[in-house]
Amino acid sequence: MKIGVLLCNCGDTISDTLDYEALTTFTETLPKVKHVETRSDWCQHEPLQALTQTLTKKKLDRLVVAACSPHLFGPRFYQATEEAGMTRGQITFANIREHCAWVHQDNPQGATAKAKRLIRASVFRVAAQSPVATKTFPVTQEVAVLGAGVAGIQAAIDLADRGIKVHLVEKEPTIGGHMAVLNKTYPTLDCSICILGPKMAEAATHPNIELYPYTELTDAKHIGKDWVLTLNKKATYVDWDKCTGCMQCTEKCPTRVDDAWSWNVAKRRAIYMPFSQSVPRKVTIDAEYCKKLTNDKCGVCEKVCSAEAIAYDMKDETVNVQVGSVILATGFKEFDPSVVPELHYAENPDVMTQMQFIRMMDSVGPFGGKLEVPSDGRKPEKIVMIQCVGSRDERYSWQCSAYCCMAAIKHAELAKLEYDPNLDITIVARDIRAGGKGFDEFYERAKEEYNIHFEYRGDELKVVQNNGKPAVKYTDPYGKAHSLPADIVVLSCAMTPSPGTEELAKMLGVPLGELGFFEAQDEKVALARTNINGVFLAGTCHGPKDIPESVEQAGAAAEESSVWLSTQSVSKELDVAVVNKDVCTACGLCIPSCPSQAISFNESKDCVIVDEVRCQACGECMATCPVDAIGPLNVNPVVLDAAINGLLSNSVEGPESVIVGFACSECMYRAIDEAGEERLQYPADLHLLEVPCTGSISTPKILKTLEAGADGVILFACASDLCHYGRGSRMANSRAQVVRNVIRQSGGDPAAVQVVQMIGREAKEFAATAQKAVDAIKGRNGG
Amino acid sequence: MTVRIATMGMAGCSGCHIALLDTGVALLDLLKDVELVYSYPVVDTKNPIPPNIDVALIEGSIRTDHDQEMAKAMRKQTKFVIAFGACSAHGGVNGLANTFNAQEGVEYVYHKTILMAQKVVPHENVPQVLPADLRLSDVVKVDFVIPGCPPHPDEIAKVITTLLAGETPQLSKKSICDECPLERLTEIPDQLRRTHEIPEPEKCLLSQGFLCMGPATRAGCNAECTRRGMPCTGCRGPSETVWDQGVAMLDALAAMEEDQVANFKLPRLASTFARYTYASSKLDNLRKGVQKP
C-alpha cells in the first residue's frame, strides 16, 4: 500500500496558523506514506489534473487530502482520483482548515499539534479502508401506485404520460376515492366529480395504466432495487368483461346494506355500484351480505342479468407485479366521532359528520339532494357545525386536520345556496384557519354574503338532548357558557390514517409518524420521499391535507419516482454495511436498529445479510452489534479504531490535551464547518472525527476511546428529534448516559463524556458549546 | 506413554471438579492414558507439587497470597496450564467482591458478623486476603482457558482428548446465539422482564425483554440454559471479538430501557452485566482504588 498526502495551505490562509514545515516532516515519517506534496491551490483544475498523473506515476493507491472541509471540494477530489482508477474508499480527508487553522488562530502551536494528529488519523484511517466496488442494479421501469383517489390518479397519469407503465391499485371496486363523493370543492364551489371524472376516465383508458380495482396488497418483497408486490384481486362475483353497467341487478336485489360510500346514511343493495360515476362502471356483489353466496338462496341478479355476467363461483385471484418504485396514495379515513363521549354521535341520529352531511345534500347522491332531519324527516331550520372533532384534542390528535375549516364553510354555503337560503347555520370553531389561496375570501364571503355565523369555543363542548332536539353547549375562550339549539349537528372530523396503513408500513418498511400517517424523509425538502429508497408519498396518507395539496404532492411523487427510475438503473457505489460472516452470531440485535430496514437473517439463519440497495450506511447496526460483526464498509470498527489510534498515539508534542469529538456528518459537520468559516475560536483540544451518525458510536467505543488515552469524548449529534436516521441521536445520548453512569459508579468523573445535541447551522452555538464541553472535561482534569 | 495431569483448586466452589467427574464414561476412557499426580479430591496434596506435570487444570480465582504462591508453584512444574472454569478464567463470581474495598470486607467479616465473636482479624498461619480478586492469568502465564460456571462436561472431555492426541484445542469464536435454537429477535422489546417471569417458549429471550447475555457470551456450551428458557448469565465470558462482555450488553440494552440502564448502581451493573467477569472487565479497570499487583 502506498499512501499519498496532499497538504494544502489554501493561499496561506492555513499556513498563517499552521507550521507547514513541521507538518510536512511529520507526515513524511508516517507509515506507508510515500508521497507528500504541498500546494496552495489543490482544489483548482490544473493541480487536480496533475494529481491524476502523480497518482498513476507513483502508483499510489490511497490518498489523504489535508485541506478544507470535504463537504466543500470533496467531489472534485473524488473525480480526480476516479480518473486515476481509485474509488471513494481509497481517499479520505483531514479538515485542517475549518476544523483547525481557522478556529485556533491564537494558538499556532496547539493548532499544528492538532493538525498532525488529524493527518495521522486520516492516514491510519485510509490505510484501513477498502476500495468501494460498484454494482449495477437494474430497475424495472414500472411503478405501482397504491390507492386511486385523486392523489393516486394524478400520480399515475403523470407517470403514464412520461411513458412509464403504472399499476394503479385500488381496494374499492371503483377508483376516485373521497373526492368523487364530495359534491363540491372549496373555495371555488366547483363540482367535485366534474374535475375528477375526466381524470378517472383517463386513468382507466390510458394505455400505460393498468387498473387493479377491488385489489389489495398482501405482500411486498424487495429484490435488488425492485419491489415484487403480491396483489389479491378480490372476487367481484360479476364477470366485468360481460357486465354492461345497466344496473338491472341493483334494482332487483332484495338485500339492503348500509352504504359505506354514503357513510351509512343511506342503504345500497348487496350487488352494487359504489356511485353512479364509478370507474370501471361495473357492479360488484358484496359477499358478506349476498343471500346467494351466504345461504345459496335468492339468485335474482343472475336471473335479471341479460349479459349473463353474474359468476357466483368466482374466486380471489393473486397476481405478482414487479416494479421499480412504489407510490403510496392510500388516503385517509374520517375520524369516528362515536369515541368522543360528550358528542353522543352514536346515539343521536341528528348528529352527523361532514361526510354524511355532504352526501345527504348531494343532488346525485342517495337522497337526491333532500335535506331533512334524520330523526323525524322535518325540514331543518337550524344547523350547528362543530369544528376540531378528533383533532387539536389531546385525547385523539394534537394535529390540526387542515381541511375541516374550509370544508365546513363549503358545506354551510352549499346548504344555503342549494337548499334553503334562510337556514340558520352556526359554525363553532376554536378559530378559523384560512391560509390557502382564496381561503380567506371564502371565509369572509360566508360571513358577509351567506350570513353564516361563527362562534368561538374553548376546550369545553358537549352535545345535549333538549326536548328531543340536540343542542350544543360550550364555553367560549373567555369561559362564558353558551347553548345553541339545533335541528342537525354536524361534526367536522379529523382525517385519520386509512385502515391497513400500519400493515402497509410494515410490509414496505416505511416509518409511521406519531399519529399513524406515513412519514416523509424530510417534512420540508423531501416531502414526497420516504426513508425507503424508491417509495414515495402522495396525498393524505402522509397527513391531513386538502385536494390541491394532495395533487401537488402527487405530482412531486410522480416526478421523484420517475427520476428514481431513470437514475437508479445506473450503478451504485457499494459503500454500505458489510457483515463479517465468521463473526456474526445471528443474535439479530442489529435488525431493529436499522432505520432503513435493510438487515435480515440469511436463509439458514446463521448470520444477517444487508440489502445493498436499502442500506444508507448510517452505522446504527455497528453500534448495536456486541461482537463487531457489522458496520459500514469504510466506517467499520477497524477503520474507526485506526482513526482513533491516529489521533491518540503518542509522539505528537503539544501542550493540549486530546479530546475526541465524534461529529455527525449531517447537521453537525456543517455547523462545525460554518464555525470555521466565521473564524469562531474554540480550544484546540477538540479533535473531530466525522461519522455518518453519532448513533453509530457504541458504548464500548466511547469507553475504548477513553482507554486509548483520550482525555474526553464528545458526541456532536443532531437535535434528537431531527436525526436523519430516526433514533440515532437519541441513542447517542442514551449511550453517553450509560457510559457516564458506568464511570460515575466506578468512582470516576462522568464529565469525561459529553453529548452536544443541536440543530445544524448553529455555528455560534456550536463554538460556545464546544468551549463549554471542553472546559467541563478539562476542569475534571484540573487543567 | 501416560500423561501426567494435575488439578488444583483456588478460591472457588469445587464445581469445576464436579463437572470434571460429570464427564461420566468419557472420564473412564481418559483415565486410561492419564496419571493423576496431584488433585485434592483424590490424591494427597500436602506434599510439594510433583515435577514434570504435562497438564494442570486450575480451578478458582486468586483471592489470597496462598493462592498466588500455589499457582506460581504449579506453573513451575507444568508444561500446559489450563485456567479451569469461570473463576480461574475471568475472576468468576468472586470478582464481584472487587466492587468493595477488600480490607473493609475483611474487617466486616471478623468484626461485625455474629460468628466472629473475638473481633480479631487472624494474621498468623493463615493466608492473607489480596486487595482484589484476580484471575489466574493475572498471576501466571496461562496456556488455555476452559470457561464456564461450571464448564460443560463435553467441552472438558473434548479439550483433554484433543490435548492427549497432541493437538491444540480450540474454543468456539462465536456467541451463544449461534448455538441457541430459539426464534430470533427482530423487534425491540418494550420493557425489561425479570428472570422469575415465564417466557414464551421457543422465542428469543432477549426479544421478550429478558436480559440474556447470549449475544456477547462465548459459545461452546450448546446454549444449555437458553434452550430451557433460562436467560444466559454470561458464565463463559466474552466471545472472541467482544471488547467487553458487560459493556457490550449494556449497549444493547441502552436501546431498550434508556432511563433504567443509565441509573444502575455499580453492584447491580457488575452483578448483572459482568457476573463472572467483573475482575477482568473494563468496568473493574475503570474503578478507582483497586490496584492490581
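Residues numbered from 1 in each chain as written. Chains lettered and ligands numbered in written order. Predicted model: local features only at pLDDT ≥ 70, side-chain atom pairs only at ≥ 80, totals over all residues. Heavy atoms only, no water.

**Structural notes on the overall build of chain A**
Spelled out, the test is: In this text, helices come from DSSP runs of H or I with a minimum length of four residues, and strands from runs of E with a minimum of two, each type numbered from the N-terminal end. Working definition: with a 1.4 Å probe on protein chains only, accessible area under 20% of the residue-type maximum means buried, over 50% means exposed, and in between means partly exposed. A contact between two residues is defined here by any heavy atoms of the two lying within 4.5 Å. With residues, only the protein chains shown are counted as cover, and all accessible areas are computed by Shrake-Rupley using a 1.4 Å probe. Here Asp and Glu are counted as negative and Lys and Arg as positive; His is not counted, and neither are the chain ends. To locate a charge, the coordinates of NZ of Lys, CZ of Arg, CG of Asp or CD of Glu are taken.
Across its full length, chain A carries 21 helices and 38 strands. Over its C-alpha atoms, taken along the principal directions, chain A stretches across nearly 95 × 65 × 50 Å. Burial analysis of chain A (783 residues in total) assigns 60% to the buried set. Summarising the internal contacts of chain A: among those between residues at least 6 apart in sequence, 72% fall at separations of at least 24. As presented, chain A carries roughly 30,800 Å² of accessible surface, and 48% of it is formed by carbon and sulfur atoms. Separation between the mean location of the 81 positive side-chain charges and that of the 100 negative ones in chain A comes to 3 Å.

**Remarks on the nonpolar core**
Residue and element names in this part refer to chain A. This is how the line gets drawn: In plain words, nonpolar cores are sets of buried Ala, Val, Leu, Ile, Met, Phe, Trp, Tyr and Cys residues tied together by side-chain atoms within 4.5 Å.
Residues Leu18, Ile96, Ile119, Ile630 and Phe662 are the most contacted members of the largest nonpolar core, which totals 116 residues. Tallying contributions element by element places helix 4 (residues 108–128) first for this core, with 9 residues. If sequence neighbours within four positions are ignored, Ile96 has contacts with Cys8, Ile14, Leu18, Tyr20, Ala66, Ala67, Ala101, Ala115 and Ile119. Core analysis: the next-biggest nonpolar cluster, separate from the first, contains 80 residues, Ile153, Val166, Met179 and Val181 among them.

**Structural notes on the domain arrangement of chain B**
Quite often, the size of an interface is put as the accessible area lost when its parts meet. Residues and elements named next belong to chain B. For the record, the criterion: The domain limits used here are those given by an automatic or database domain assignment. Throughout, buried area stands for the accessible area (probe radius 1.4 Å) lost by two parts on being put together, summed over both. Each reported salt bridge corresponds to a side-chain nitrogen of Lys or Arg within 4 Å of a carboxyl oxygen of Asp or Glu. Polar contacts, as counted here, are pairs of nitrogen or oxygen atoms within 3.5 Å of one another; within protein the pair requires one atom able to donate a hydrogen and one able to accept it, and residues that are adjacent in sequence qualify only if both atoms are side-chain atoms. Think of it as three bins: nonpolar holds Ala, Val, Leu, Ile, Met, Phe, Trp, Tyr, Cys and Pro, charged holds Asp, Glu, Lys and Arg, and polar takes everything else, Gly as well.
By the assigned domains, chain B splits into domain 1 (3–95 + 125–164) and domain 2 (176–286). When the two sides are added together, the surface that domain 1 and domain 2 hide from each other amounts to roughly 1,100 Å², 55% of it contributed by carbon and sulfur. Contact with domain 2 buries area across many residues of domain 1, yet His90, Gly95 and His152 alone supply 43% of it, more than any other trio. The interface formed by domain 1 and domain 2 includes 1 salt bridge. The residue Glu155 makes a salt bridge to Arg236 at a minimum N-O spacing of 2.7 Å. Taken together, domain 1 and domain 2 are joined by 4 residue pairs in polar contact (both at pLDDT 80 or more). The class makeup of the residues in the side of domain 1 that touches domain 2 is 4 nonpolar, 6 polar and 3 charged.

**Some words on the domain arrangement of chain A**
All names here are of chain A. Looking at the assigned domains, one finds that chain A contains domain 1 (1–132), domain 2 (138–234 + 318–331 + 508–568), domain 3 (235–315), domain 4 (338–497), domain 5 (569–628) and domain 6 (657–783). A separation of 30 Å is found between the C-alpha centroids of domain 2 and domain 5. Carbon and sulfur atoms make up 44% of the area that domain 2 and domain 5 hide from each other, which totals about 990 Å². At the surface where domain 2 touches domain 5, the tally comes to 0 salt bridges. Counted by class, the side of domain 2 that touches domain 5 contains 6 nonpolar, 9 polar and 1 charged residues.

**A closer look at the interface of chain A and chain B**
Counting residues at the interface gives 38 residues for chain A and 37 residues for chain B. Buried surface at the junction of chain A and chain B, both sides included, amounts to about 3,200 Å², of which 61% is carbon and sulfur. When the buried area of chain A at its contact with chain B is split by residue, Thr585, Gln745 and Ser746 of chain A rank highest and sum to 17% of it. Summed over the shared surface of chain A and chain B, the number is 2 salt bridges. In this structure, Glu707 of chain A and Lys282 of chain B form a salt bridge, with 3.0 Å as the shortest nitrogen-oxygen distance. Run the count over chain A and chain B and you get 9 residue pairs in polar contact (both at pLDDT 80 or more).

**What to know about the packing of helix 2 (residues 45–57) of chain A against helix 3 (residues 70–83) of chain A**
All names here are of chain A. Put simply, the rule reads: For helices, the axis comes from a line fit to the C-alpha atoms of the stretch in contact; other axes are also lines fit to C-alpha atoms, and the angle between any two N-to-C directions lies between 0 and 180 degrees. Each angle is binned into one of four classes, with values under 35 degrees roughly parallel, values over 145 roughly antiparallel, values of 65 to 115 roughly perpendicular, and all other values oblique. It is the rotation of the near helix from the far one that decides the hand of a crossing: anticlockwise by less than a right angle makes it left-handed, clockwise makes it right-handed.
As a packed pair, helix 2 and helix 3 sit with axes 8 Å apart at the nearest point and diverge in direction by 40°. Our classification of the angle between helix 2 and helix 3 gives oblique. The handedness of the crossing between helix 2 and helix 3 is right-handed. Contacts between helix 2 and helix 3 pair Leu48, Leu51, Thr52 and Leu55 from the former with Arg76, Phe77, Ala80, Thr81 and Glu83 from the latter. Taken together, the residues that form the contact of helix 2 with helix 3 break down as 5 nonpolar, 2 polar and 2 charged.

**With respect to the packing of helix 5 (residues 150–161) of chain A against helix 14 (residues 547–568) of chain A**
Residues and elements named next belong to chain A. At their nearest, the axes of helix 5 and helix 14 sit 8 Å apart, and the two run at 35° to each other. Here the hand of the crossing between helix 5 and helix 14 comes out right-handed. Of the residues in helix 14, those touching helix 5 at Val150, Ala151, Gln154, Ala155, Asp158 and Leu159 are Ile547, Ser550, Val551, Ala554, Gly555, Ala558, Ser561 and Ser562. Of the residues in the contact of helix 5 with helix 14, the class split is 8 nonpolar, 5 polar and 1 charged.

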